[in-house]
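Examining the three-dimensional arrangement
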Amino acid sequence: MSGLELHDILLTFPEGTRRRTILDIPSCTVASGECVALAGASGSGKSTLLNLISGLILPDRGTVRWNGFAPGELPEPRRDVWRGRHIGFVFQDFQLFPELEALENVLLPVTFNRWSIPEALRRRGQALLKRMNVAPSQKARLLSRGEKQRVAIARAVLQEPEILLADEPTASLDAANAAEVTDLLLSHARTLGSTLLIVSHDEEVWTRMDRVLSLRRGRLYEAAETAFPPSAA
Ligand SMILES: Nc1ncnc2c1ncn2[C@@H]1O[C@H](COP(=O)(O)OP(=O)(O)OP(=O)(O)O)[C@@H](O)[C@H]1O
Ligand SMILES: [Mg+2]
C-alpha cells in the first residue's frame, strides 16, 4: 500500500525495575498525501509515536512501513540516511543551533549526507526564509519564538520530504502566528503531496486536517471514536 502502515506495534520504556507500555497499536494506516492531526494528553506518547514513525526509535515488536518499505530493518547509519531523504521533522523544541544563522540552520541537515551544499538548495533555503519573513543571516538565538518555528519548518521542508512530522508546532504561539504556521505546513504538504502528521491540542488545527487521531493509554483512536475533544483522557 502507498502511505504509512503501523502493524502490531508494541513499545515499552523502562520504569524502575519494570517496563511501561507506551504504544500498543494493532494496526493503523495513513494514506500518502493525507494530513492528520495527532491529539492526546501530555505523556500519552505522541512524541514517541513520531520518533517511531521516523525510525529514531524502534518498537519492541511490530513494523512501521512507508510505501511497503520497513526502515526499521535497516542498520542505523542507513536508517539515518533514509530519514534524511524521506522525512522532514519539526521538533517540539525546534532544535536550532543558537549560534548559527537562520539559513545555516535550515541547510544543516543537507551537510549530513553530502560533501557540499548544492547551490539550488541554498537558493531554495533563502527563498523559503524570505517567504516566511525571516532574515537568513540572523543568529537563531536572536529570533522570536514564531521566527524560530518558521526556521524549523523551512528546514523540515527544504528537501521536499514525502513525510512531514511536526510536534506541537503551534504551541505557545499567539493565534496569528499559530494560524500562519498551520498554513505553512499545510500548503507545503499539499504542494509537495507529502503526508503530514501534526501533533496538536489546537482545535483550529484539527478542523483543517483531513483526519484527527487520538492517543489514549497507548492506543490510537479515530477522533470520532472518542469523547470530544480527543485530548480528554
Ligand atoms: N527514553 C525514555 N525512557 C523512558 N521513558 C520515556 C522515554 N521517553 C519518553 N518516556 C515516557 O514516555 C511517555 C510518553 O512520552 P512522550 O514524550 O511521547 O509524551 P507526549 O504525548 O509527547 O507528551 P507531551 O504532550 O507532554 O509532549 C512519558 O511518560 C515519558 O515520560
Ligand atoms: Mg511531546
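Relevant structure appears above.
This text gives an overview of the structure that appears in the document. Nothing here was measured: the structure is a model prediction, and the numbers come from that model.

**Quick notes on the overall build of the protein chain**
Of the regular secondary structure elements, the protein chain holds seven helices and nine strands. Taking 2.2 N^0.38 as the reference for a compact globule, 233 residues should give roughly 17 Å; the C-alpha atoms of the protein chain span a radius of gyration of 18 Å, in line with that estimate. Considering only C-alpha atoms, the protein chain reaches an extent of 45 × 40 × 40 Å along its principal axes. Sorting the 233 residues of the protein chain into buried and exposed places 39% on the buried side. Nonlocal contacts in the protein chain, meaning residues at least 24 apart in sequence, comprise 69% of its contacts between residues at least 6 apart.

**A word on the environment of Arg 85**
Structurally, Arg 85 is set in helix 2 (residues 76-86). Here the alpha-carbon distance between Arg 85 and Glu 222, two residues 137 residues apart in the chain, equals 29 Å.

**Quick word on the site of ligand 1**
Phe 13, Pro 14, Ile 22, Gly 40, Ser 42, Gly 43, Ser 44, Gly 45, Lys 46, Ser 47, Thr 48 and Gln 92 make up every residue found near ligand 1. Breaking the shell around ligand 1 down by element, the ones donating at least two residues are strand 1 (3-15) and helix 1 (46-53). For the shell around ligand 1, the element with the most residues is helix 1, which contributes three residues.

**Side note on the environment of Ala 135**
Structurally, Ala 135 can be placed in the loop between helix 4 (119-131) and helix 5 (145-157). The sequence separation of Ala 135 and Glu 5 amounts to 130 residues, and the corresponding C-alpha distance is 39 Å.

**Thoughts on the pairing of strand 5 (residues 87-90)**
Regular strands show a simple pattern: their side chains alternate between the two faces of the sheet. By the alternation rule, side chains of strand 5 split into Ile 87 and Phe 89 and Gly 88 and Val 90, which are all buried. As paired strands, strand 5 and strand 6 (residues 163-167) are joined by four bridges and run parallel to one another. Residue pairing for strand 6: Ile 87 is matched across the bridge by Ile 163.

**Some thoughts on the sheet that holds strand 2 (residues 18-31)**
Here we have three strands laid out as an open sheet, ordered 2-1-4, and antiparallel in their pairing. Here the strands that pair on one side only, and so sit at the sheet edges, are strand 2 and strand 4 (61-66). For this sheet, the mean angle separating the axes of adjacent strands, direction not counted, is 25°. Across twelve bridges, strand 1 lies against strand 2 in antiparallel orientation. Bridge pairing in strand 2 places Leu 4 opposite Val 30. Its contacts with the sheet place helix 1 against strand 1, strand 2 and strand 4, and it is angled at close to 60° to strand 2.

**Considerations on the nonpolar core**
Core analysis: the largest hydrophobic core is formed by 58 residues, its most contacted members being Leu 38, Val 151, Ile 153, Leu 164, Leu 165, Leu 185 and Ile 198. Examining the composition of this core, we find that six residues originate from one element, helix 5, more than from any other. With near-sequence residues (within four places) excluded, Leu 165 lies in contact with Leu 50, Ile 53, Ser 54, Ile 87, Phe 89, Val 90 and Leu 197.

**Regarding helix 3 (residues 102-112)**
Every buried residue of helix 3 is listed here: Ala 102, Leu 103, Asn 105, Val 106 and Leu 107. For helix 3, the secondary structure elements touched by its buried residues are helix 4 and helix 5.

**As for the packing of helix 3 against helix 5**
Direction vectors running N to C along helix 3 and helix 5 enclose 30°, while the axes themselves pass 8 Å from each other. For the pair helix 3 and helix 5, the crossing hand works out as right-handed. Residue-level inspection shows Ala 102, Asn 105, Val 106, Leu 108 and Pro 109 of helix 3 in contact with helix 5, the latter providing Val 151, Ala 154 and Arg 155. Of the residues in the contact of helix 3 with helix 5, the class split is six nonpolar, one polar and one charged.

**Quick notes on the sheet that holds strand 7 (residues 195-199)**
Strands pair in a sheet through their backbones, by hydrogen bonds, and they do so in one of two ways: parallel or antiparallel. Strand order in the open sheet made by the six strands is 5-6-7-3-8-9, with mixed pairing throughout. The open sheet terminates on both sides in strands that have one partner only, identified here as strand 5 and strand 9 (219-222). Taken pair by pair, the neighbouring strands of this sheet meet at an average axis angle of 20°, ignoring direction. Of the strands in this sheet, strand 5 and strand 6 touch helix 5, which is tilted by about 170° from strand 5. Here helix 6 (residues 175-192) sits on the sheet in contact with strand 3 (35-40), strand 6 and strand 7, set at roughly 165° to strand 6.

**Thoughts on the packing of helix 5 against helix 6**
Contact pair helix 5 / helix 6: the axes reach a minimum separation of 11 Å and the direction vectors enclose 5°. When the interaxial angle is binned, helix 5 and helix 6 end up roughly parallel. Packed against helix 5, whose contacting residues are Gly 146, Gln 149, Arg 150, Ile 153 and Val 157, the element helix 6 presents Asn 177, Val 181, Leu 184, Leu 185 and His 188 at the interface. When its residues are assigned to classes, the contact of helix 5 with helix 6 shows five nonpolar, four polar and one charged.

What counts and what doesn't
- Residues numbered from 1 in each chain as written.
- Chains lettered and ligands numbered in written order.
- Predicted model: local features only at pLDDT ≥ 70, side-chain atom pairs only at ≥ 80, totals over all residues.
- Helix = DSSP H or I, 4+ residues; strand = E, 2+ residues; numbered from the N terminus.
- Rg over C-alpha atoms; globule rule 2.2 N^0.38 Å.
- Buried ≥ 20, exposed ≤ 12 C-beta atoms within 10 Å, placed from the backbone.
- Contact = placed C-beta atoms within 7 Å.
- Near = placed C-beta within 6 Å.
- Pairing = 2+ DSSP bridges.
- Axes fitted to C-alpha atoms, helices over the stretch in contact; angles between N-to-C directions.
- Core = buried A, V, L, I, M, F, W, Y, C linked by C-beta atoms within 7 Å.
- Left-handed = near helix turned anticlockwise from the far one by under 90°.
- Nonpolar A, V, L, I, M, F, W, Y, C, P; charged D, E, K, R; others polar.
- Parallel < 35°, antiparallel > 145°, perpendicular 65-115°, else oblique.

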